[in-house]
Amino acid sequence: MLLGIDLGAGSLKATLISGDDGRVLGEGSHPVTTHMPHHGWSEQDPGEWFQALCRAVPLALKASGVGAGALQGIAISAGAHIPVLLDDTGTVLRPAIMWNDQRASAEAAELREHHGAFIEATSLNRANPTWALPMLAWLQRHEPGVIARVRRFCLPKDYLRWRLTGEWATDFSDVIGALMADVNTRDWSPAICQLIDWPMETLPPVAEATAVAGTVTTTAARDTGLAPGTPVVVGSNDTTVEFFGVGALQPGQTAIKLATAGVLFLAVDRPVVQPPISCYPHIAPGMYYLATGTNACASAHRWARDRLFPGESFEAMDAEAARAPAGSEGVLFHPYLQGERGPHWDPWLRADFLGLTMQHDRPHLARAVYEGIAYSIRDLLTDARDKGLEFGPARLLGGGGRSELWRQILADVTGLVMEIPETADASFGAALVAGIGVGAFGSPREAVARCVRIRHRTRPDAGRHALYGELFGVYREATRVLAGLDRRLHDILHVQNDA
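Residues numbered from 1 in each chain as written. Predicted model: local features only at pLDDT ≥ 70, side-chain atom pairs only at ≥ 80, totals over all residues. Heavy atoms only, no water.

Quick question: what am I supposed to make of the sheet that holds strand E23 (residues 454–458) here?
Two pairing modes exist for strands in a sheet, parallel and antiparallel, and in both the strands are linked by backbone hydrogen bonds. Strands sit in the order E17-E18-E16-E15-E21-E22-E23 across an open sheet of seven strands; the sheet is mixed. Strand pairing shows two members of the sheet lacking a second neighbour, strand E17 (278–281) and E23, which therefore form its edges. Neighbouring strand axes in the sheet, compared pairwise and without regard to direction, differ in orientation by 30° on average. Relative to strand E22 (residues 418–421), strand E21 (residues 394–397) runs parallel, the two being bridged by two bridges. Bridge pairing in E22 links Arg 395 to Glu 419. Taken strand by strand, helix H12 (residues 362–386) contacts strand E15 (254–258), strand E16 (262–268) and strand E18 (288–293), and its axis lies near 30° from that of E16. Sitting on the sheet, helix H13 (residues 404–414) touches E15, E21, E22 and E23, and the angle it makes with E22 is about 145°. (Pairing = 2+ DSSP bridges. Helix = DSSP H or I, 4+ residues; strand = E, 2+ residues; numbered from the N terminus. Axes fitted to C-alpha atoms, helices over the stretch in contact; angles between N-to-C directions. Contact = heavy atoms within 4.5 Å.)

I tried to follow H13 on my own but got confused; where do I start?
Residue pairs three or four apart in sequence face the same way in an α-helix, which turns once every 3.6 residues. For H13, the tally of buried residues reaches nine of 11 residues, placing the bulk of the element in the interior. Where H13 is concerned, the buried positions are Leu 405, Trp 406, Arg 407, Ile 409, Leu 410, Ala 411, Asp 412, Val 413 and Thr 414. With its phi angle positive at about 80°, Gly 415 sits one or two positions after the end of H13. (Buried < 20%, exposed > 50% of the residue type's maximum accessible area, 1.4 Å probe, protein only.)

Would you mind going over the environment of Gly 355 with me for this structure?
By secondary structure assignment, the location of Gly 355 is in the loop between strand E20 (352–354) and H12. The contact partners of Gly 355, leaving out residues within four places of it in the chain, are Gly 330, Val 331 and His 360.

Explain the nonpolar core to me, please; I cannot follow it from the model alone.
Generally speaking, soluble globular proteins have nonpolar side chains that are buried together. The biggest cluster of nonpolar side chains holds 164 residues, and the ones touching the most others in it are Trp 49, Phe 153, Met 180, Trp 198 and Ile 256. Element by element, the count of residues in this core is highest for H12, at 12 residues. The contacts of Trp 198, once residues within four sequence positions are left out, are Leu 85, Leu 136, Gln 140, Ile 147, Val 150, Phe 153, Met 180, Cys 193 and Leu 203. (Core = buried A, V, L, I, M, F, W, Y, C linked by side-chain atoms within 4.5 Å.)

Sorry, what's going on with the environment of Thr 33 here?
Structurally, Thr 33 can be placed in the loop between strand E3 (24–31) and strand E4 (43–44). Here the alpha-carbon distance between Thr 33 and Gln 44, two residues 11 residues apart in the chain, equals 6.3 Å. The residues touching Thr 33, leaving out its near neighbours within four places in the chain, are Glu 43, Gln 44 and Glu 48.

Please clarify how the side chain of His 282 should be interpreted in this entry.
For His 282, the position within the fold is in the loop between E17 and E18. You can call His 282 buried: its relative accessible area is 9%. Polar contacts involving the side chain of His 282 include one to the main-chain carbonyl oxygen of Ala 248, which spans 2.8 Å. (Polar contact = N/O pair within 3.5 Å; in protein donor to acceptor, adjacent residues only side chain to side chain.)

Sorry if this is basic, but what is going on with the sheet that holds strand E13 (residues 212–215) here?
Across the sheet, six strands lie side by side as E3-E2-E1-E5-E14-E13; this open sheet has mixed pairing. Whereas interior strands pair on both sides, the edge strands pair on one side only; in this sheet they are E3 and E13. The average undirected angle you get between the axes of adjacent strands in this sheet is 20°. Pairing geometry for strand E5 (residues 73–78) and strand E14 (residues 231–233), over two bridges, is parallel. Bridging across to E14, Ala 75 finds its partner in Val 233.

Any chance you could explain the packing of helix H2 (residues 105–123) against helix H3 (residues 132–142) here in plain terms?
The interhelical angle for the contact between H2 and H3, taken along N-to-C directions, is 135°, at an axis separation of 10 Å. The angle between H2 and H3 falls in the class oblique. Between H2 and H3 the crossing geometry is right-handed. Touching Glu 107, Ala 108, Glu 110, Leu 111 and Ile 119 of H2 are Leu 133, Pro 134, Ala 137, Trp 138, Arg 141 and His 142, all from H3. Broken down by class, the residue content of the contact of H2 with H3 amounts to seven nonpolar, one polar and three charged. (Parallel < 35°, antiparallel > 145°, perpendicular 65-115°, else oblique. Left-handed = near helix turned anticlockwise from the far one by under 90°. Nonpolar A, V, L, I, M, F, W, Y, C, P; charged D, E, K, R; others polar.)

I keep staring at the pairing of E17 and nothing clicks. Help me out?
Every second residue of E17 is oriented toward a common face, with Ser 278 and Tyr 280 on one face and Cys 279 and Pro 281 on the other, all of them buried. What sits between E17 and E18 in their antiparallel hairpin is a turn of six residues, with Gly 286 showing a positive phi close to 85°.

As far as function goes, none of this settles anything; it's purely spatial.
Right, dumping it as structure tokens:
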């Protein structure tokens, strides 16, 4: 039995699988809270993450009906980029700034202006507010007292693993995700750290994602229900393990994630620098993958359900959306509820419904939300194709893939075949990584061959794809036209709030 733990933006999930064939034996989850004290800000409490782990793991163990002593190995994944800062007692110094936080826009722009080419050549990626490097620069400028007390820097998965084992380490994918890596040494880059005067002694040692980092301590066993001495593998960030977990091991293989964020993935056989598209090392040795993401995907879906369909289920919203025709009779939705990352990288963009008339009703609004999120994925796809990248059938992952309607809309909007794996989330991918680390699988390819299965394919409809192509042109043009107005709205409200 193998345990994968994934810290998502909205909850922590634990999944127990069979090391023989990847069958899911038990699952458990617990929510985590995001705080948004200002527009464009997003923070979480790392202490709450560990509390969620202590609740989710016992639920998964109970659901499996197997005792914790049968666990062969554990691995943890979590979002990339997110700095967790500890003092000399191991106390968290401040809430963790999340990957969708936009506050470090000025610092990111300064890093691009003065050191952009060097950072891209050294750490493969462009400085944007999503990355830890600009966040740390923002903290140095605005919270120098906190920075002066930092003795350890962690990424989220590493903080949770440290709470389980007492061992401090990270993997190279998360070093890349911090934007503080040297691709040649596969380690932290002293030169990049020097750009913001970040002390190297605060950074964890780098190990392979599949290496055993330590074992569950007696204290952690008491808190979590795990057995003391259980091996815990280093693990990797969520996008790395979930892309691996859907079996994407060949160059050109594609995946789309419908979760808090929307993410487009592409497997490549070498580092490819195509900023602002991100490049990370793959779990498979020698492989890399590209990823480009939106800020609001399932989070926009949840926002619409909570505001427009209060008290109703997601299934009820699905049923309402299915009543409206393709194209929602001209209603467009831009899902920029927290600004936007790829491909616009504009923290001031705002969400909107466009094209409403007296003839429109709740089904049109509901379907427009699904379509708007699909347009935002097509926006990523169009930008990537403009850079010369080619995409094939897309393996679909994340909670949004459970909706048959959403899958079909995504296929129709993008024109790609959607392949639905039997199991597709980061906690499953983390469990596979744990299996490699403890020897249950001889290699990443063996893990995929034994455990990953495609259960369904959704194909695009040519007529709807043509209609969506025309509407997507309006969607993109509206984004461009409204960007300046969105910035003016921000400036007006900012002046009023200051007054």
